[in-house]
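Architecture at a glance
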Amino acid sequence: MGERCPYLEHEPLTDAGWQAWDVILRCSGQLRLAPHAGIVIGIDMAAALALGAALGHDVYALAELLPAAEAGLVAAINTRLSEEP
């Protein structure tokens, strides 16, 4: 039996999950970087929550979900950056 597509395996299952995904995608330019190290340390959470509120998303759910999304985003970006020559 084959493996499931990673996009389907990890897609959000709730409206709140889709809202968090929407905010993460829209905040891709709002990254916090470590000075002089060139690594991503997170997203600008205040900007992300403000954006979510402006879009009419559930801010309480975003406050719960965005930290987990941020952790995954940071790990993936920094892994990719460390693999580049």
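Here, every reference points to the structure presented above.
A short tour of the structure in this document, coming up. If you're wondering where the values come from, they're calculated on a predicted model, not measured in any experiment.

In terms of helices and strands, the protein carries four helices and two strands. Seen in sequence order, the protein has helices and strands lined up from the N terminus as α-α-β-β-α-α. In the protein, buried positions account for 24% of the 85 residues. Put simply, 54% of the contacts in the protein that link residues at least 6 apart link residues at least 24 apart. As displayed, the protein offers around 6200 Å² of accessible surface, 60% of which is attributable to carbon and sulfur atoms. Of note, the protein has its 4 positive side-chain charges centred 4 Å away from the centre of its 11 negative side-chain charges.

Take the pairing of strand β2 (residues 40–43) next. Bridging between strand β1 (residues 31–33) and β2 involves three bridges; their strand directions are antiparallel. Residue R32 lies in a different strand from β2, and its bridge partner there is G42. Here β1 folds back onto β2 in antiparallel fashion, the turn holding six residues, of which H36 has a positive phi close to 65°.

Attention shifts here to the nonpolar core. In terms of nonpolar packing, the biggest core is built from eight residues, these being A20, V23, I24, C27, I43, A48, L62 and L66. When contributions to this core are tallied by element, the ones reaching two or more residues are α2 (15–26) and α4 (59–83). Considering every element that reaches this core, the biggest residue donor is α2, with three residues. Setting aside anything within four residues of it in sequence, one finds L62 in contact with Q19, A20, V23, L49, G52, H57 and P67.

Turning our attention to a nonpolar patch on the surface. A grouping of W18, W21 and L25 is seen on the molecular surface, where their side chains present a nonpolar patch of about 340 Å² in accessible area. Inspection of the secondary structure puts W18 in helix α2.

A word on α4. Helix length check: α4, at 25 residues, gives a terminal C-alpha distance of 35 Å against a target of 36 Å (1.5 Å per residue), a fit within 8%. Where α4 bends most, at L65, the angle is about 35°, and the proline P67 comes one to four residues later. Within the span of α4, buried status applies to A61, L62, L66, E70, V74 and N78. For α4, the secondary structure elements touched by its buried residues are α2, β1, β2 and α3 (45–54). N-capping of α4 is provided by D58, with a side-chain oxygen placed 3.1 Å from the backbone N of Y60.

What counts and what doesn't
Residues numbered from 1 in each chain as written. Predicted model: local features only at pLDDT ≥ 70, side-chain atom pairs only at ≥ 80, totals over all residues. Heavy atoms only, no water. Helix = DSSP H or I, 4+ residues; strand = E, 2+ residues; numbered from the N terminus. Buried < 20%, exposed > 50% of the residue type's maximum accessible area, 1.4 Å probe, protein only. Contact = heavy atoms within 4.5 Å. Areas by Shrake-Rupley, 256 points an atom, 1.4 Å probe, with all protein chains shown as cover. Lys, Arg positive; Asp, Glu negative; His and termini not counted. Charge placed at Lys NZ, Arg CZ, Asp CG, Glu CD. Pairing = 2+ DSSP bridges. Core = buried A, V, L, I, M, F, W, Y, C linked by side-chain atoms within 4.5 Å. Patch = residues over 30% accessible without salt bridge, like charges linked within 9 Å, V, L, I, M, F, W, Y side chains within 5 Å. Salt bridge = Lys/Arg side-chain N within 4 Å of Asp/Glu carboxyl O. Expected span 1.5 Å × (residues − 1). Bend = angle between axes of the 7 residues up to and from the residue. Polar contact = N/O pair within 3.5 Å; in protein donor to acceptor, adjacent residues only side chain to side chain.

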